[in-house]
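Structural overview for review
What follows is each chain in one-letter form.
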Amino acid sequence: MPDRARNPQLNANGELTHLLSIDGLPPDVITHILNTASSFLEVSDREVKKVPLLRGKSVFNVFFENSTRTRTTFEIAAKRLSADVINLDVARSSTAKGETLLDTVDNLVAMHADMFVVRHAASGAPYLIAEHLRRVGRDDVHVVNAGDGRHAHPTQGLLDMYTIRHYKKDFTHLKVAVVGDILHSRVARSDIHALTTLGTGEVRVVGPKTLLPALVEKMGVSVHHDLREGIEGCDVIIMLRLQNERMNGALLPSASEYFRSYGLTPETLSAAKPDAIVMHPGPMNRGVEIDSEVADGPQAVILPQVTFGIAVRMAVMSILAGN
Ligand code: CP
């Protein structure tokens, strides 16, 4: 059982005050978020797609890295909860003139921010903000990690769990393979923590040695270097993008060589169970980690992942705000 008193995202009562990482989140908290997301899925089908749970609250999207899915679905989710949403234009903000991250945060708090959704290239940046808010006595302002460096992407992990639960119901009998650039992937870390916390039957990582972290098996996964062998008999395959922007030097001969060994094609996919689902957090690089025939094929649930992401982000923000 995780020590809630030592986990900076939980308060003394074990309630979520920030969402910084899936590592250390108790299974009942993850399940509560997924169950809450289920109740929000229906809101998106209404003619008036709004509930008043965050009315009067201000959510600041602070993205220091590019994003299509995460930033947009957080904005949609906050608006569906009736919050006021402010997208900080980081490139035009005073951070470009040398203002520190925490000075920027203090100024946004002075504008009555209630919640920060933060993406940053530096691992730990959302923790730094949460710790700063605690020090200045503003525990009522919440922080959601929208991806920090190669460390964590907890809402992606949660929406991936939501997707798996939607299609496969129970985790305990599942074989799940996470394939590709595990070393640089915050999504892989969040998915592995979530899958193991939820008691998944078997979690495998598949990739070349140069793209797997040392001692990755200590995370409770088995390690495979051959794609067919790694996905054999799997129920779920999570494909990852090569994170070229986080690689120092050449870890691979070429993208086409990578595709020959690790690209998911209809032929290699046939090694998994016939009803296996194929997931990808996006952005996808077609012809590098995944063939278009698979990405657009009947087993792909890549676009439903995006749709579920709205409900999951609504759930996270609503729970943080105390609903
Ligand atoms: N999955 C994900 O984080 O995508 P974006 O970078 O587009 O937000």
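Everything that follows concerns the structure shown earlier in this document.
These remarks concern the structure in this document. These numbers were taken from a predicted model, which means no experiment stands behind them.

Regarding the overall build of the protein chain
Broken down by element type, the protein chain carries 11 helices and 9 strands. At 19 Å, the protein chain has a C-alpha radius of gyration in line with the 20 Å of a compact globule built from 323 residues. Judged by the C-alpha coordinates and their principal axes, the protein chain covers about 55 × 45 × 40 Å. Classification of the 323 residues of the protein chain by burial places 54% in the buried group. Within the protein chain, contacts between residues separated by at least 24 positions form 77% of all contacts whose residues are at least 6 apart in sequence.

Observations concerning the nonpolar core
Soluble globular proteins: nonpolar side chains tend toward being buried together. Counting 62 residues, the largest nonpolar core has L16, I164 and M317 as the members making the most contacts within it. Those residues in contact with I164, other than ones at most four positions away along the chain, are K169, F171, L174, L195, V236, I238, I277 and M279. Residues A177, V179, M239 and A295 belong to the second largest nonpolar core, which totals 25 residues.

Concerning the sheet that holds strand β7 (residues 222–224)
Read across the open sheet, the 5 strands follow the order β7-β6-β5-β8-β9; overall the sheet is parallel. Only two strands of the sheet have a single partner each, and these edge strands are β7 and β9 (277–279). With strand direction ignored, the average angle separating the axes of adjacent strands in the sheet is 20°. Note: strand β6 (residues 202–206) against β7, 3 bridges, orientation parallel. Paired with R204 across the strands is S222, a residue of β7. Sheet strands in contact with helix α5 (residues 154–168) are β8 (236–239) and β9, and its direction is about 170° off that of β9.

Structural notes on the packing of helix α2 (residues 69–80) against helix α11 (residues 302–320)
Packing of α2 against α11 brings their axes to within 8 Å, and their N-to-C directions diverge by 55°. Looking at the two axes, α2 sits oblique to α11. Both α2 and α11 take part in a crossing whose hand is right-handed. Counted together, R69, T70, T73, F74, I76, A77, A78 and R80 of α2 and V306, I310, R313, M314 and M317 of α11 form the full contact between these two elements. Across the contact of α2 with α11, the residue classes tally to 8 nonpolar, 2 polar and 3 charged.

Brief notes about the site of the ligand
Around the ligand, the neighbouring residues are S67, T68, R69, T70, R119, H153, Q156, P281 and G282. At 2.8 Å, a backbone N or O of P281 approaches a nitrogen atom of the ligand. The backbone of G282 places a nitrogen or oxygen atom 3.3 Å from a nitrogen atom of the ligand. Taken by itself the ligand offers 250 Å² of open surface, and the protein chains cover 91% of this.

With respect to α11
Over its 19 residues, α11 extends 27 Å from the first C-alpha to the last, a length consistent with the 27 Å expected when each residue adds 1.5 Å. At F308, α11 is bent by approximately 25°, the largest bend along its length. The buried fraction of α11 amounts to 15 of the 19 residues, a majority that puts the element mostly inside the structure. Looking one or two residues past α11, G322 carries a phi angle of roughly 95°, positive in sign.

Side note on the packing of aromatic side chains
Using the criterion set out here, one finds 3 aromatic pairs in the structure. Residues Y162 and F308 carry aromatic rings whose centres are separated by 5.0 Å and whose planes lie at 55° to one another, so their mutual orientation is tilted. With Y162 in helix α5 and F308 in helix α11, this pair connects stretches of sequence that are 146 residues apart. Classification of F308 as buried rests on a relative accessible area of 6%.

What about the pattern of salt bridges?
Tallied over the full model, the rule gives 13 salt bridges. For the salt bridge of R71 with E75, the shortest nitrogen-to-oxygen distance reads 3.0 Å. Highlighted residues: R71 and E75, both in helix α2, separated by 4 residues, approximately one helical turn. The buried category is assigned to E75, whose relative accessible area is 16%. Of the charged contacts, one joins E202 and R204 as a salt bridge, the two residues approaching to 2.9 Å between their closest N and O atoms. Exposure remark for R204: the relative accessible area of 6% places this residue in the buried category. What you see here is one network of salt bridges that share partners, running through R71, E75 and K79.

Brief notes about the pairing of strand β5 (residues 175–179)
When you tally the buried positions in β5, you get 4 out of 5 residues, the bulk of the element. The pairing of β5 with β6 spans 5 bridges and is classified as parallel. Note on β6: the bridge partner recorded for V179 is V206. Note on the crossover from β5 through helix α6 (residues 186–197) to β6: the handedness is right-handed. Pairing of β5 with β8, which is carried by 4 bridges, proceeds in the parallel orientation. From the neighbouring strand, A177 faces β8, where its bridge partner is I237.

What counts as what
Residues numbered from 1 in each chain as written. Predicted model: local features only at pLDDT ≥ 70, side-chain atom pairs only at ≥ 80, totals over all residues. Heavy atoms only, no water. Helix = DSSP H or I, 4+ residues; strand = E, 2+ residues; numbered from the N terminus. Rg over C-alpha atoms; globule rule 2.2 N^0.38 Å. Buried < 20%, exposed > 50% of the residue type's maximum accessible area, 1.4 Å probe, protein only. Contact = heavy atoms within 4.5 Å. Core = buried A, V, L, I, M, F, W, Y, C linked by side-chain atoms within 4.5 Å. Pairing = 2+ DSSP bridges. Axes fitted to C-alpha atoms, helices over the stretch in contact; angles between N-to-C directions. Parallel < 35°, antiparallel > 145°, perpendicular 65-115°, else oblique. Left-handed = near helix turned anticlockwise from the far one by under 90°. Nonpolar A, V, L, I, M, F, W, Y, C, P; charged D, E, K, R; others polar. Near = heavy atom within 4 Å. Polar contact = N/O pair within 3.5 Å; in protein donor to acceptor, adjacent residues only side chain to side chain. Areas by Shrake-Rupley, 256 points an atom, 1.4 Å probe, with all protein chains shown as cover. Expected span 1.5 Å × (residues − 1). Bend = angle between axes of the 7 residues up to and from the residue. Phe/Tyr/Trp six-rings, centres within 6.5 Å; stacked < 30°, edge-to-face > 60°. Salt bridge = Lys/Arg side-chain N within 4 Å of Asp/Glu carboxyl O. Right-handed = clockwise from strand over helix to strand, strands pointing away.

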